Amino acid sequence: MTGTIPFCDASTCVAKGCQPTLCKGAGIPSNEEMFQRSARSIPGGVNSSIRAFKSVGGTPYIVARAEGARVWDVESNELIDLVQSYGAVILGHAHPKVTAAIRDAAGDGTSYGAPTPREMKLAEAISERVPSCERVRFMNSGTESTSTAVRLARGATGRKRIVTFHGNFHGATDALLAAGGSGLATLGLPGTAGVPEEAVANTWVLPYNVVPQLDNDVAAVFVEPVAANMGVVAPAPGFLEGLRAECDRVGALLVFDEVITGFRLGLGGAQAKYDVRPDLTCFGKVIGGGLPIGALGGRKDIMENLTPLGSVFHAGTLAGNPIATAAGLAALNELTPDVYMELLARARALSAMLRDACSSEGIHAQFPVVGTLVGMHFGNSLHDAPTNFEEAKTTDEELFKKVFHGVLKAGVALPPGAYEALFVGLAHTDELMQQLAERVAKGLRGIAV
Ligand SMILES: *Cc1c(COP(=O)(O)O)cnc(C)c1O
């Protein structure tokens, strides 16, 4: 492990207008100092809002490096990580195979403006594992995938209406920001500034887990087949099947946002687990092995509406990037059915450990498990795990804050928001889970008073 970061010392602090008093000593920057310095060039000091700790308070740890299930901040504090890039690094940080694939690819050049074998192989790998994806188009983020899906669904059907569900999150795209997922729920905003009414005039936001009656002006229904941005909420029996039937009845497209669940719940994602075939599927996170990527997959006849074959525009300078697709391929190659059996067991173990640790401290909390995903719900407002956004919102955010900071002090990184999912991956071995349990127990001590 490295010592200090050659970034900051007392003299450069002064030169840059930093407060040297925040330094941990000459040459060792503090999280506080670096966060304040970032905030002078980056709005709020972050490039994704949740990272700012706004909903839990305090200063974010600034990550210097990570390996496996651990991250180290700039002060060299080591944390056991349950964030895992919000699920993007399912093999753990800096997995040797992924790192090697990135190095190899980088040596061949980083982007060409021409088709490549690596994007072809990743598209084939996705189609093989997710049969509804007869064609796959790559882009650079989950957000790009959902926004392209909106345009494609409208272009392919000639309709405008989009249906979404309360508490589902589909990235930072205007048409789908009519109601928030984790980000907005955490910030407590009803919507977001900057989205004109017109942009969401054709977006309906309906209660999750209730099959709506649709009209034949609906272009597409967007759904997180397992909701993972309002805690973790399973689809009610019949919900996804009901959406499929209702979409078929009115000629609307069913779009599964599997940006989290894709290659997380299993090789075939939520659509395999629940045996419901969507028309379009959005991917991100896992399929890039921790590099920026998104993909839209789906029925051939629909996907062929995209340019250059059809008339729905899509393009991207870095789309299908050779390094991101190489990292994604390396990750998918490691993900065998056995791996998912392991992850299932670890998710259950994590949930049971957290439940026991909380209950022995008198902290009311639930940690619902859906496949390999683990959610959190604090307080005693619900008898069972939440089934929709209204129930999810009853979580005790103040209690979560205490838990968050308690375990952080003991060396455990939870996502800094009460509505996020917890992620275990290949790097969370039995030995590590044991260490995690000890830290959690220590971190929770005395919190409930
Ligand atoms: C993370 C996420 C997105 C957005 O993906 P980005 O890569 O952050 O743009 C979309 N939908 C769901 C369900 C997500 O969890």
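Residues numbered from 1 in each chain as written. Predicted model: local features only at pLDDT ≥ 70, side-chain atom pairs only at ≥ 80, totals over all residues. Heavy atoms only, no water.

Strand order in the open sheet formed by 4 strands is β1-β2-β3-β15, and the pairing between neighbours is mixed. Looking at which strands have only one partner, the edges of the open sheet turn out to be β1 (63-67) and β15 (412-413). By the bridge criterion, 2 bridges tie strand β3 (residues 78-81) to β15 in an arrangement that is parallel. Bridging from a neighbouring strand, aspartate 81 pairs with alanine 413 of β15. (Pairing = 2+ DSSP bridges. Helix = DSSP H or I, 4+ residues; strand = E, 2+ residues; numbered from the N terminus.)

To characterise two packed helices, one gives the angle between the axes of the helices and the distance between these axes. Packing of helix α12 (residues 337-360) against helix α15 (residues 430-444) brings their axes to within 10 Å, and their N-to-C directions diverge by 25 degrees. The orientation of α12 relative to α15 falls into the category roughly parallel. In this structure, α12 meets α15 at a crossing whose hand is right-handed. Contact residues: Arg346, Ala349, Leu350, Met353, Leu354, Ala357 and Cys358 in α12; Met433, Leu436, Ala437, Val440 and Leu444 in α15. For the contact of α12 with α15, the class distribution of residues is 11 nonpolar, no polar and 1 charged. (Axes fitted to C-alpha atoms, helices over the stretch in contact; angles between N-to-C directions. Parallel < 35°, antiparallel > 145°, perpendicular 65-115°, else oblique. Left-handed = near helix turned anticlockwise from the far one by under 90°. Contact = heavy atoms within 4.5 Å. Nonpolar A, V, L, I, M, F, W, Y, C, P; charged D, E, K, R; others polar.)

This part is about empty space enclosed by the protein. Applying the stated criterion to the full structure yields 4 cavities of 30 Å³ or more. Around the largest cavity sit Leu354, Cys358, Phe367, Phe378, Val403, Val407, Val412, Leu414, Val440 and Leu444, which together line it. Looking at the lining of the largest cavity, the elements with two or more residues in it are α12, α14 (397-409) and α15. For the lining of the largest cavity, a count of residues per class yields 10 nonpolar, no polar and no charged. (1 Å grid on protein atoms, 1.4 Å probe; cavity = no way out; pocket = protein on both sides within 12 Å on 5 of 7 lines; lining within 4 Å. Points joined across faces, edges and corners; volume = space filled by probe spheres on them.)

The next thing to look at is the sheet that holds strand β4 (residues 135-139). Spatially, 7 strands are ordered β4-β10-β9-β8-β7-β5-β6 in an open sheet, and the strand pairing comes out mixed. Of all the strands in the sheet, the pair left with one neighbour each is β4 and β6 (203-206). Within the sheet, the average angular offset between the axes of one strand and its neighbour, ignoring direction, is 20 degrees. As paired elements, β4 and strand β10 (residues 294-298) share 5 bridges and run antiparallel to each other. Across the sheet, the residue bridging to methionine 139 is glycine 294, located in β10. Running over the sheet, helix α4 (residues 117-129) touches β4 and β9 (280-283) and is turned about 130 degrees from β4.

The end-to-end C-alpha distance of α14, which contains 13 residues, comes to 18 Å, matching closely the 18 Å that a straight helix rising 1.5 Å per residue would cover. Inspection of α14 places Leu399, Phe400, Val403, Phe404, Gly406, Val407 and Leu408 among the buried residues, and these make up the whole buried set. Buried-residue contacts for α14 involve β3, β14 (377-378), β15 and α15. A positive backbone phi angle near 95 degrees is found at glycine 411, which sits one or two residues after α14. (Expected span 1.5 Å × (residues − 1). Buried < 20%, exposed > 50% of the residue type's maximum accessible area, 1.4 Å probe, protein only.)

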